[in-house]
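Here are the chains, one letter per residue:
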Amino acid sequence: MKMENGKKRQWIVWALRAGLGIYGGLCLYLFYMQSVQPLDYNNRYFQSDLPYHISMIVDDGWYYSFTAYVYQLLYRIAGGTALIAVFLAAAGVLCIVATDRLLALLLDRDGTDAVTLAGAFALNFAMAFFWPYAGQFRYVSYQSGNLWHNSTYQCMKLAALAAFICYIKVEAGYRERMTAGQWTALAATLFVCTGIKPSFLTVFAPILALKLLADLRRKVPFRQVFLLGSTVLPACGVVLWQNIVLFGEETGNGISFAPWYTFSLHANRTKLAVVCSVAFPLAVLFFSVGELLRDGRYRFVWGMTGLGFLEALCLVETGSRSRDGNFLWGYCIAIFLIFVLSFEKWLRLLKRRGEGLFYRAGFWVCGCVLVYQVLGGVYFFARLLSGETYFMAG
């Protein structure tokens, strides 16, 4: 019987791997169609930021992200946008692969299995709990860790997953020892991630600083605390360059304090839409609140999510990008990570079903919420493939 179950699970893994190829092909089509759209802000066919990002690099020579150099090279090689679409499709597929690796690490699995790969697929489609009463637009009325219209976010998401995997591996034993290879891997992934988009660092670094201060109070050697903290220094250098490019005096852009401005742009009931955006993590937290005390990783990511929310809540760009909601990106990547950590806690609720009705009910309630959010994401992605705007309602 165990052998039959093992074979069945292996077939599921192979089917899911075939699904990765299908997903990659669909992403290739989507990103290529996005890349060839005219530079017309009234265009709502395969709407995205991609043609503007490409134009800023190819036509204007404006470099604000490491992706700019990749796009420039690929554009010159192909004489067009085809290879850029291939690059972004590969990033989309690798996000699922990296999520699978992260889940395997969190669940103490030796490698990919049916649970981790299926979970990775689901988590890379999960979007907000769509409720027209809270917000009529499936994406812009809410916040989500998954989106397909902003290419730099798509690339940052992959790099952030790599950085977070490195962090978990380093943090597990850094109190006694950190190798040069571990330091380099974490520093390099944070550097690349920040160079693509600084958003992940803005929610990761402050929470890391708080964690390291707490470790100092627990008598962790200062040398070890300093080593882990210093991994963010190369990335901070990148932020200085980006700040000059994005907020230099000649740009006319700045930052202002405007609570709820970004959240209220497209939501019908702003606060309810915020809750709907993280419905699954909040449901899991309700049934697993004790894990906040027991699991430092879970606590760390909830800290990132809370900080990301505060940044998006209070900070707004001034100037031409005032309605772009660029301070949402840190919150969005934190939302994605808290979905991943919550998925792990949800699976652990299943193991606790024998402890009483509370945990059995929690597993099924949270599961239903997750399924609805995943199906909403699949539906959204399918409509994007038809060329519909990401402002889609209903």
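This text follows the structure it describes.
Here's what I pulled together on the structure shown here. (Residues numbered from 1 in each chain as written. Predicted model: local features only at pLDDT ≥ 70, side-chain atom pairs only at ≥ 80, totals over all residues. Heavy atoms only, no water.)

### Some remarks on the overall build of the protein
This is how it is decided: Runs of H or I in DSSP of at least four residues are treated as helices and runs of E of at least two as strands, each being numbered from the N terminus. Using a 1.4 Å probe on the protein chains alone, a residue whose accessible area is under 20% of its type maximum counts as buried, one over 50% counts as exposed, and one in between counts as partly exposed. Here, residues are in contact when the closest pair of their heavy atoms is within 4.5 Å. Residues scored as positive are Lys and Arg, those scored as negative are Asp and Glu, and His as well as the terminal groups of each chain are ignored. Taken as the charge location is NZ of Lys, CZ of Arg, CG of Asp or CD of Glu.
A count of helices and strands for the protein gives 16 helices and 2 strands. Out of the 394 residues in the protein, the part that is buried amounts to 53%. Taking as baseline every contact in the protein between residues at least 6 positions apart, the subset at least 24 positions apart corresponds to 73%. Charge-centre separation for the protein: the mean point of 34 positive side chains lies 9 Å from the mean point of 22 negative side chains.

### A look at the state of the cysteines
In plain terms, the rule: By disulfide we mean two sulfur atoms from cysteines, separated by a distance within 2.5 Å.
Evaluated as defined, the whole model comprises 0 disulfides. Note on C366: no disulfide assigned, nearest cysteine sulfur contributed by C368 at a separation of 9.4 Å. Here C366 falls in the buried class, since its relative accessible area comes to 0%.

### A look at the packing of helix α8 (residues 199-217) against helix α15 (residues 328-351)
The test is simple: For helices, the fitted axis covers only the stretch in contact; all axes are lines through C-alpha atoms, and the angles between them, taken along N-to-C directions, range from 0 to 180 degrees. Here the angle decides the label: under 35 degrees means roughly parallel, over 145 means roughly antiparallel, 65 to 115 means roughly perpendicular, and every other value means oblique. Crossing handedness follows the turn of the near helix against the far one: under a right angle anticlockwise gives a left-handed crossing, and clockwise gives a right-handed one.
Taken N-terminus to C-terminus, the directions of α8 and α15 make an angle of 65°; their axes are 7 Å apart at the nearest point. In terms of axis orientation, α8 runs roughly perpendicular to α15. By crossing handedness, the relation of α8 to α15 is classed as right-handed. For the pair formed by α8 and α15, the contact residues are S199, F200 and V203 on the first element and W329, G330, I333 and L337 on the second.

### Let's talk about the packing of helix α4 (residues 82-106) against helix α5 (residues 114-123)
Counted only if it meets this: Charged residues are taken to be Asp, Glu, Lys and Arg, nonpolar residues to be Ala, Val, Leu, Ile, Met, Phe, Trp, Tyr, Cys and Pro, and polar residues to be all remaining types, Gly included.
Interaxial distance between α4 and α5 falls to 8 Å at its minimum, and their mutual angle equals 125°. Taken as axis vectors, α4 and α5 run oblique relative to one another. As for how α4 packs across α5, the hand of that crossing is right-handed. For the pair α4 and α5, contact is made by I96, T99, D100, L103 and A104 and by T116, L117, G119, A120, F121 and L123, respectively. For the contact of α4 with α5, the residue count by class is 7 nonpolar, 3 polar and 1 charged.

### Examining the nonpolar core
Stated formally: What makes a nonpolar core is a set of buried Ala, Val, Leu, Ile, Met, Phe, Trp, Tyr and Cys residues whose side-chain atoms join them at distances within 4.5 Å.
Within the largest apolar cluster, 118 residues are counted, with the highest numbers of intra-cluster contacts made by W148, F200 and W346. By residue number, the principal contributor to this core is α15, which donates 17 residues. Apart from residues no more than four positions distant in its own chain, F200 is found in contact with M156, A160, A163, L190, C193, M304, I333 and L337. Residues A128, F130, A267 and C276 belong to the second largest nonpolar core, which totals 7 residues.

### Section: the packing of aromatic side chains
The line we're drawing: Classification of ring pairs rests on two measures: the distance between centres of Phe, Tyr or Trp rings, Trp counted by its six-membered ring, which must be within 6.5 Å, and the angle between planes, read as stacked under 30 degrees, edge-to-face over 60 and tilted in between. Only lysine NZ and arginine CZ atoms are considered, and such an atom sits over a ring when it is within 6 Å of the ring centre and within 35 degrees of the ring normal.
Applying the stated rule across the entire model yields 38 aromatic pairs. On the basis of an interplanar angle of 70° and a centroid distance of 6.2 Å, the ring pair of F130 and Y142 is categorised as edge-to-face. Here the residue F130 occupies a position in the loop between α5 and α6 (151-171), and Y142 occupies one in the loop between α5 and α6, the gap between them amounting to 12 residues. This pair shows no difference in class: F130 is buried, exactly as Y142 is. Taking the ring centre of F336 as reference, the NZ or CZ of K157 above it sits at 4.4 Å. Positioned over the ring face of Y298 is K345, at 5.4 Å from the centre of the ring.

### Regarding unusual backbone geometry
Of note, the phi angle at K219 is positive, near 70°, even though the residue is not glycine. Positionally, K219 belongs in the loop between α8 and α9 (222-229).

### A look at the layout of surface pockets
Here is the rule we go by: Every definition here rests on a 1 Å grid over the protein atoms only: cavities are sets of points where a 1.4 Å probe fits but cannot get out, pockets are open sets enclosed by protein on both sides within 12 Å along at least five of seven lines, and lining residues have some atom within 4 Å of a point. Grid points are joined across faces, edges and corners, and a volume is the space filled by probe spheres set on the points.
Space inside the second largest pocket adds up to approximately 250 Å³. Considering the residues around the second largest pocket, the lining is formed by 13 residues, among which K211, R218, G296, R299 and F300 are closest to the centre. Looking at the lining of the second largest pocket, the elements that each hand over two or more residues are α6, α8 and α14 (296-314). Among the elements that make up the lining of the second largest pocket, the one with the highest residue count is α14 (5 residues). Here the residues of the lining of the second largest pocket are counted per class, giving 4 nonpolar, 2 polar and 7 charged.

### Side note on α8
For an α-helix the count is 3.6 residues per turn, leaving residues at separations of three or four pointing the same way. Formally: One fewer than the residue count of a helix, multiplied by 1.5 Å, yields its expected span. The directions considered for the arc run from the helix axis to the C-beta atoms.
Along its 19 residues, α8 runs 29 Å from first to last C-alpha, staying within 8% of the 27 Å computed at 1.5 Å per residue. Inspection of α8 places S199, F200, L201, V203, F204, I207, L208, K211, L212 and D215 among the buried residues, and these make up the whole buried set. The buried residues of α8 occupy an angular sector of 160° when the element is viewed end-on, so they sit on one face. Residues L210, L213 and R217 are exposed on α8 and point more than 90 degrees away from its buried face. Taken from the residues just after α8, K219 is the one with a positive phi, measuring 70°.

### A few points about the pattern of salt bridges
Condition: Here a salt bridge means any side-chain nitrogen of Lys or Arg lying within 4 Å of a carboxyl oxygen belonging to Asp or Glu.
Enumeration over the complete set of coordinates arrives at 14 salt bridges. For the salt bridge of E355 with R352, the shortest nitrogen-to-oxygen distance reads 3.1 Å. Overlapping salt bridges bring together E291, R294, D295, E344, K345 and R348 as one network.

Bear in mind that shape data such as this cannot, by itself, settle questions of function.
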